[in-house]
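Here is what each chain is made of, one letter per residue.
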Amino acid sequence: MTESAPGGRPGDAVLDEVFGDRRDRAERYVELLAEEGITWGLIGPREADRLWQRHVLNSAAVESLIGEGCSVLDVGSGAGLPGIPLALARPDLQITLLEPLQRRVEFLELAVGTLQLDDQVRVHRGRAEDYPAEGGEPADVVTNRAVAPLPRLLNWCWPLVAPGGEVLAIKGAGAAAEVTKATKALRSMKLAAEVLVARAHPQAESTTVVRVRRSS
Ligand SMILES: C[S@@+](CC[C@H](N)C(=O)[O-])C[C@H]1O[C@@H](n2cnc3c(N)ncnc32)[C@H](O)[C@@H]1O
């Protein structure tokens with residue numbers, strides 16, 4: 001992808017296709033990541049030049065794997081990744097951002113308010129394993145990025161998936177090896193995992209996603 005501007009911003013045509021009339025809000029989100037995100041210690045300073053590609057488009061790519069009108073729970077959302085780019089790209093989704101750390105929750109609340117996503121995105125402070133006891137509702141899709149290795153992740157996340165739903169875990173290049181390593185854990189939970197490649201746009205870099213469903 002061509003990197004032309006601060007944060008590796010792609011061209012207007014790419015942003016229009018991914019975010020439609022919410023392009024301005026996606027730009028504002030990148031500003032928040034580059035300013036408060038870095039000064040509050042949520043994003044490393046070296047990420048400033050690759051916010052679009054490595055974080056925002058990498059996260060938005062999962063939208064192509066999610067059905068119309070689904071509820072989404074983003075576990076360990078951090079600075080809102082992938083939940084906020086997903087919300088910006090897909091106004092039809094209802095999204096909850098679950099995050100235990102207070103400073104991150106404050107950033108998420110700032111972002112949701114600034115981006116006028118209050119009707120679509122809810123922020124819940126807490127840990128995945130405590131969420132059901134705190135009255136959290138299961139979701140059609142549970143997303144996460146860089147939160148934990150698969151067996152631990154699934155122990156936390158599978159109880160949060162509604163019947164017929166799935167987990168979408170954004171992983172790096174080692175995704176296939178991680179799935180192989182988790183074979184025993186998957187089998188004992190009666191789950192099946194597949195490695196998928198998604199892109200927010202044909203010109204964007206690919207995102208590797210592990211999709212986990214109930215095995216048939
Ligand atoms: C490496 S960060 C990734 C943040 C974000 N998903 C991203 O891709 O930039 C991991 C996040 O998981 C959160 N986390 C850790 N343990 C958790 C738990 N038990 N339940 C929910 N979130 C958790 C951390 O607070 C942190 O924000």
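Residues numbered from 1 in each chain as written. Predicted model: local features only at pLDDT ≥ 70, side-chain atom pairs only at ≥ 80, totals over all residues. Heavy atoms only, no water.

Describe the layout of surface pockets, listing the residues and the values that go with them.
If you add up the space inside the largest pocket, you get close to 410 Å³. As for the largest pocket, its lining consists of 24 residues, and the residues nearest its centre are Gly76, Gly78, Arg104, Arg145 and Ala146. For the lining of the largest pocket, the secondary-structure elements that each account for two or more residues are helix H3 (51-60) and strand S2 (94-99). For the lining of the largest pocket, the residue count by class is 12 nonpolar, 6 polar and 6 charged. (1 Å grid on protein atoms, 1.4 Å probe; cavity = no way out; pocket = protein on both sides within 12 Å on 5 of 7 lines; lining within 4 Å. Points joined across faces, edges and corners; volume = space filled by probe spheres on them. Helix = DSSP H or I, 4+ residues; strand = E, 2+ residues; numbered from the N terminus. Nonpolar A, V, L, I, M, F, W, Y, C, P; charged D, E, K, R; others polar.)

How would you explain the side chain of Arg211 if you had to name every residue and give the values?
Within the element layout of this structure, Arg211 appears in strand S7 (residues 207-214). Exposure remark for Arg211: the relative accessible area of 14% places this residue in the buried category. With sequence-adjacent residues up to four places away left out, Arg211 is seen in contact with Glu166, Val167, Leu168, Ala192, Ala193, Glu194 and Leu196. (Buried < 20%, exposed > 50% of the residue type's maximum accessible area, 1.4 Å probe, protein only. Contact = heavy atoms within 4.5 Å.)

Requested: an account of the sheet that holds S7, with residues and values cited.
One open sheet accounts for 7 strands, arranged S3-S2-S1-S4-S5-S7-S6; its pairing is mixed. On the outer flanks of this sheet lie strand S3 (121-125) and strand S6 (191-198), each paired with one strand and no other. Averaged over all adjacent pairs, the angle separating strand axes in this sheet is 20°, with direction ignored. The pairing of S6 with S7 spans 8 bridges and is classified as antiparallel. Pairing of Ala193 across the sheet is with Val212, part of S7. Each of S2 and S3 is contacted by helix H5 (residues 102-114), which is oriented at about 165° to S3, the strand it contacts most. Across the sheet, helix H6 (residues 150-157) lies against strand S1 (71-75), strand S4 (139-145), strand S5 (161-171), S6 and S7, angled at about 145° from S5, the strand it touches most. (Pairing = 2+ DSSP bridges. Axes fitted to C-alpha atoms, helices over the stretch in contact; angles between N-to-C directions.)

Go over the pairing of S2 with me, naming the residues and quoting the values.
Side-chain direction in a regular strand flips from residue to residue, so the side chains alternate between the two faces of the sheet. Summarising burial for S2: 5 of the 6 residues are buried, a large majority. Note: S1 against S2, 5 bridges, orientation parallel. Counterpart to Val72 in the pairing with S2 is Ile95. In terms of handedness, the path from S1 via helix H4 (residues 83-89) over to S2 forms a crossover that is right-handed. Note: S2 against S3, 5 bridges, orientation parallel. Note that in S3 the partner of Ile95 across the bridge is Val121. For the crossover that starts at S2, traverses H5 and ends in the parallel S3, the hand is right-handed. (Right-handed = clockwise from strand over helix to strand, strands pointing away.)

That's the geometry; what it means functionally is another story.
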